[in-house]
Structures are given as structure tokens and as C-alpha cells.
Amino acid sequence: MSDQIEEIFARTRPTAIQAIRPPGAEAARRTVRIRRRRRVVGLAAVVVLAVVGGVVTRMSPAPPPELPADPVRMTQTAKVALGTSALPAALEKAAEVTPTWSSSSPVYHGELTLRAACAGAGEITLAVVGNPGGESSQTEPFELARLKVPCSPQPEPVETAFEPSGAISLDYKIVESTIASRSGFAYRLTSDTGKPFAMGDDQANPTAALHLTSDEGFGTGGSLTARRPGWKDDLPSHVGGDFRILAACTGDGTLVVEILKKSGKVVDTVRVPCHWPPKRYDFEPARGTGDLYYRISYQHITMPSTDFAVQFVPK
């Protein structure tokens, strides 16, 4: 059987070899074209994926905008930043920063300290305005203090001190602001005396501050303003010679009392520090003889006026 099969293969081999033809040039070119087409399709798919990926990246949803800060939380943050005070607070408040914000409080005697902090971003400026009493020489509200308060997420408190001379009440206002978003602030007012001012209070009266037990000698007093910066008058003869000067004044400047001869020569000069409430100062100037007169003037710092009392007491 195997010999017959071998014989059959032997007879058919030449015919099969003649039927098989090697690939020609056209077949080779067709094979190259097919391979190139496959590479182009593959590269196009990569490019499409890259473009689609870029489009998807650009069209991804943007992060949501930041919500406005909670004013309640901001004011509480500012209030905590004020810390504690060794002095009792005359006033302590917290509020949202707004351009028209204002508040008010009674006046306290002594040196007042305003302490403030702001939570947020930017800066605010607080102004303290004094409202004068009916008997004061000052008729219009006047600024007593101004405090720039920087705002930050972790606020740092700042403070300033002032004396409310001649004022019977205080107003607080935001006069400048660079706040771009919602912010909160807090402030505290303390007094080194802890005593509130009351109408008719002798502590605010310069004459009462002299604590005179008699009308001995010669006294003068009143108000000095920008329109009436000073005055002069004769010193009675029974005072001349050897005398003391008792003086008190309101405000934040200096009351100047000069003793002069008729010729204009200055015999002596005393300078009285002004305070709120007014304090008594005693001076013993040089002895003056002959006809004398006195001259009183006021050198202010921020307060444009003062109430004063001066007593010339013979020794």
C-alpha cells in the first residue's frame, strides 16, 4: 500500500509545482498598501483618543464658587480674638462690617481704651465721636480717636487710648473700609476709673476739681475755643506778692497761665496738664510785685476746646 501512495505523490508533484507561482510585483505592492492602511488607521485612533481626552478635560465641571463667609461665625471669631481684659468693660459689641455701621455708648471718666479685632480680609477704620453737652463751649460733635483695624482669618487685636473731654455721649462709626467680602469685627471699651459720667457730675467740673474750701484770693474760669484761644485780665493787688496758683482743665492738651508785669515782662509761667475728668494742680510761682496781670491760653492736641478753672491764692 505504501508503495502505491508514494507512486501517486511522485506523479502529481511536478504538476503542483507548475501550478504554484511566486508572488509578483503587484502582489507585493498590495501587501504594502494593506500594512500602511493598518498603520494609518491605528494612528488616527490614537489622535482621536487624544483629542477626545483634551475635550473631556476642558469640559469637566468647574469647582463651585466659594460661598460668602458666615457673618455670625466671623463676628464670633473677632470677639474671641479680643481676649480678656483686666479692667471691667464699659462696652463690648460684635457686628458684621457694613459701610453704614454705627453705635453709641455713655461716657466714662478717666482714660478710655478702645480695643478692636476684625475677622475677614482688608481693613476698617473705626472713629470715636464725642457729642458735647449743652453747657460745653463745643457745639458740634468732634472726633476723639481713630483706630485702623486690619482684618484677617486669624485676627490680631489693636487698640488706642483717649480722654472724652467735654463729651456726654460717644458714637462709634466705620469711616473707612477696604473689605471685599463679608467680614465681622468686635470692639471693647474700658475705663481706668470704671465710673460712668452723669449729667451734673462734679467730677466733670474744673471748679469742683479745685476742692476750694473758701473763696479766698481771686478765681477765674470758663471755656477756651479756636475762636477764643485765650484771654488776659488784671490780677487784683491783694493777690500780688506771694501767691499760689491752683488750676484744673478738661481736654488732652495744656493750659498755660502766665503772670506778667504791665510792661509785658513775664514774671512766671505755669503749664497745667488737662485731663478728663479734670485734676487739680498746685503751683508756687515767683513773687511778683507792682501791677500785674495774667494771661491764659490753651495748647490742644486733638481737643479744640477746654473748660478750665484757675484760682490765685495769697500765701
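(A) Molecular detail of the sheet that holds strand β14 (residues 281-283). Here we have four strands laid out as an open sheet, ordered β9-β16-β11-β14, and antiparallel in their pairing. The strands lining the two open edges of the sheet, one partner per strand, are β9 (218-224) and β14. When strand polarity is set aside, the average angle formed by the axes of neighbouring strands in this sheet is 15 degrees. Where strand β11 (residues 243-249) meets β14, three bridges bridge the pair, whose relative direction is antiparallel. Counted as the bridge partner of Leu246 is Asp282 from β14.

(B) Representation of the pairing of strand β13 (residues 266-273) within the structure. Pairing between strand β12 (residues 254-261) and β13: seven bridges, direction antiparallel. Among the inter-strand pairings, Val256 is bridged to a residue of β13, identified as Arg271. A loop of four residues connects β12 with β13, the two strands running antiparallel in sequence, and Gly264 in this loop sits at a positive phi of about 100 degrees.

(C) Region of interest: the sheet that holds strand β10 (residues 230-234). Taking strand neighbours across the sheet as the criterion, the four strands line up as β10-β15-β12-β13 in an open arrangement whose pairing is antiparallel. Here the strands that pair on one side only, and so sit at the sheet edges, are β10 and β13. Averaged over all neighbouring strand pairs, the angle between strand axes comes to 15 degrees, with direction disregarded.

(D) Examining the state of the cysteines more closely. Under the definition given, this model contains two disulfides. Note that Cys118 is cross-linked by a disulfide to Cys151, the S-S spacing being 2.0 Å. The disulfide joining Cys118 to Cys151 has a torsion of about 90 degrees about its S-S bond and is therefore right-handed. Of this pair, Cys118 sits in strand β3 (residues 112-119) while Cys151 sits in strand β5 (residues 142-152), placing them 33 residues apart in sequence. In this structure Cys151 comes out as buried when scored by relative accessible area, which is 9%. Linked covalently through their sulfurs, Cys249 and Cys274 form a disulfide whose S-S length is 2.0 Å. Here the S-S torsion is close to -100 degrees, and the disulfide linking Cys249 with Cys274 is therefore left-handed.

Analysis parameters
Residues numbered from 1 in each chain as written. Predicted model: local features only at pLDDT ≥ 70, side-chain atom pairs only at ≥ 80, totals over all residues. Heavy atoms only, no water. Pairing = 2+ DSSP bridges. Helix = DSSP H or I, 4+ residues; strand = E, 2+ residues; numbered from the N terminus. Axes fitted to C-alpha atoms, helices over the stretch in contact; angles between N-to-C directions. Disulfide = S-S within 2.5 Å. Buried < 20%, exposed > 50% of the residue type's maximum accessible area, 1.4 Å probe, protein only.

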